[in-house]
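Reading the structure
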Amino acid sequence: MEKSVAGGAPFSQVLIGDLDKERLAAAEQRLRTLGAPVKIYQGSATETIKTIVNSLNAYALHFAFLDPYNLETLDFNIIETLSALKRIDMLVHISKMDLQRNGAKYISKEEHSSLDSFIPGWRQRIDVARGNQVQREQVFECWKDLIESTGVYSSSDVRLITGSKNQHLYWLLLAAKNDLALKFWKTAVDTGQGSLF
Ligand SMILES: C[S@@+](CC[C@H](N)C(=O)[O-])C[C@H]1O[C@@H](n2cnc3c(N)ncnc32)[C@H](O)[C@@H]1O
């Protein structure tokens, strides 16, 4: 937000959504304090994203930040809905911690797996006979392939976000339709942060 103002290209609208009313109000307050033109949408992201995308100027430049706690709430429908926009860059937090802690459990579930919303159709594409590490790599690759099927390209340059005790929390990555955004991201990311898995 501050960078966009300092760079002389402030956002004309900042639309934020959350399921939780209080968290949404707190985020709204933080942004208002920074002078952002905020509009709020309370509800499940799979629903609010449709309302948000329908309200946008189809010719504008759009930037989305997706910040879920876990894999399940990063529902692929959200990305698919955003991908309908002509000009869209998405910065996405993917919970590495969730995948590492629970990936094997999600993969072994015969139904109602948290991966069902994250990667629809994952069962046809992940080799459940492989070891945990290979399975985790497959999940990540599978997600990237699915994103690319919408015409949005996910950067292979990933930033690892760690906690106060250096625990691995999230991967931060850019998914964009335009090559220039991916080029800028590559320059911005510090690739010396360790391996993906
Ligand atoms: C990591 S926090 C996001 C924090 C946010 N970026 C901020 O700066 O305040 C994840 C948020 O997802 C919200 N959430 C959980 N499930 C959701 C859903 N299905 N749809 C929309 N938001 C959801 C939670 O209430 C929580 O505030």
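Residues numbered from 1 in each chain as written. Predicted model: local features only at pLDDT ≥ 70, side-chain atom pairs only at ≥ 80, totals over all residues. Heavy atoms only, no water.

The chain is annotated in an unreviewed UniProt entry as Three-Cys-motif partner protein TcmP of Paralysiella testudinis.

Some points on helix α5 (residues 96-108)
Let me state the cut-off plainly: Helix and strand assignments follow DSSP, with helices taken as H or I runs no shorter than four residues and strands as E runs no shorter than two, numbered in order from the N terminus. To estimate how far a helix should extend, the number of its residues minus one is multiplied by 1.5 Å. A residue's bend is simply the angle between two axes: one fitted to the seven residues ending at it, one to the seven starting at it. Only protein chains enter the accessibility calculation, which uses a 1.4 Å probe. A residue is then buried if its area is under 20% of the maximum for its type, exposed if over 50%, and partly exposed in between. A contact between two residues is defined here by any heavy atoms of the two lying within 4.5 Å.
A rise of 1.5 Å per residue sets the reference length of α5, with its 13 residues, at 18 Å; its end C-alpha atoms lie 18 Å apart and thus fit the reference within 8%. The sharpest bend along α5 measures roughly 65° and falls at Asn102. Listed as buried for α5 are Lys96, Asp98, Leu99, Asn102, Gly103, Tyr106 and Ile107. Next to the buried residues of α5 lie β4 (88-95), α6 (115-118), α7 (132-148), β6 (159-162) and β7 (168-176).

Overview of the nonpolar core
Using the following cut-off: Here the nonpolar core consists of buried residues drawn from Ala, Val, Leu, Ile, Met, Phe, Trp, Tyr and Cys, with membership extended through side-chain atoms lying within 4.5 Å.
Formed by 38 residues in total, the largest nonpolar core has its most connected members in Leu82, Met90, Ile94, Phe118 and Trp143. Put simply, the parts of the chain that give this core at least two residues each are α3 (45-55), β3 (62-66), α4 (76-82), β4, α5, α6, α7 and β7. Per element, the largest residue contribution to this core is 6 residues, and it comes from α7. For Trp143, the residues in contact, after removing those within four places along its chain, are Leu74, Ile79, Val92, Ile94, Phe118, Ile119, Ser154 and Leu173. Counting 8 residues, the second largest nonpolar core, distinct from the first, contains Leu172, Leu174, Ala176 and Trp185.

Digging into the site of the ligand
The condition is simple: By convention in these notes, a residue is near a molecule or strand provided one of its non-hydrogen atoms lies within 4 Å of it. Identification of polar contacts relies on pairs of N or O atoms within 3.5 Å, with a donor-acceptor requirement for protein atoms, meaning one able to donate a hydrogen and the other able to accept it, and with residues adjacent in sequence counted only if both atoms are side-chain atoms. In the scheme used here, Gly and all other residues not listed as nonpolar or charged are polar, with Ala, Val, Leu, Ile, Met, Phe, Trp, Tyr, Cys and Pro taken as nonpolar and Asp, Glu, Lys and Arg as charged.
Taken together, Asp18, Leu19, Asp20, Arg23, Ala27, Arg30, Gly43, Ser44, Ala45, Asp67, Tyr69 and Thr73 make up all the residues around the ligand. At a separation of 3.1 Å, a nitrogen atom of the ligand approaches a polar backbone atom of Leu19. Between the ligand and the protein, one listed contact pairs an oxygen atom with a side-chain N or O atom of Arg30 at 2.8 Å. Broken down by element, the shell around the ligand gets its largest block of residues, 3 residues, from helix α2 (residues 21-33). Considered class by class, the residues forming the shell around the ligand number 4 nonpolar, 3 polar and 5 charged.

Side note on the pattern of salt bridges
Using the following cut-off: For this document, the term salt bridge refers to a Lys or Arg side-chain nitrogen within 4 Å of an Asp or Glu carboxyl oxygen.
For the coordinates displayed, the defined rule picks out 5 salt bridges. Salt-bridge contacts for Arg32 lead to Glu28; the nearest nitrogen and oxygen are separated by 3.1 Å. In this pair, Arg32 and Glu28 both sit in helix α2, 4 residues apart, roughly one turn of the helix. Across the pair Asp157 and Lys186 runs a salt bridge, and its minimum N-O distance is 3.5 Å. You can see Asp157 sitting in the loop between β5 (153-154) and β6 and its partner Lys186 sitting in helix α8 (residues 179-188), a full 29 residues away along the chain. Asp157 gets classed as buried once you look at its relative accessible area, which sits at 13%.

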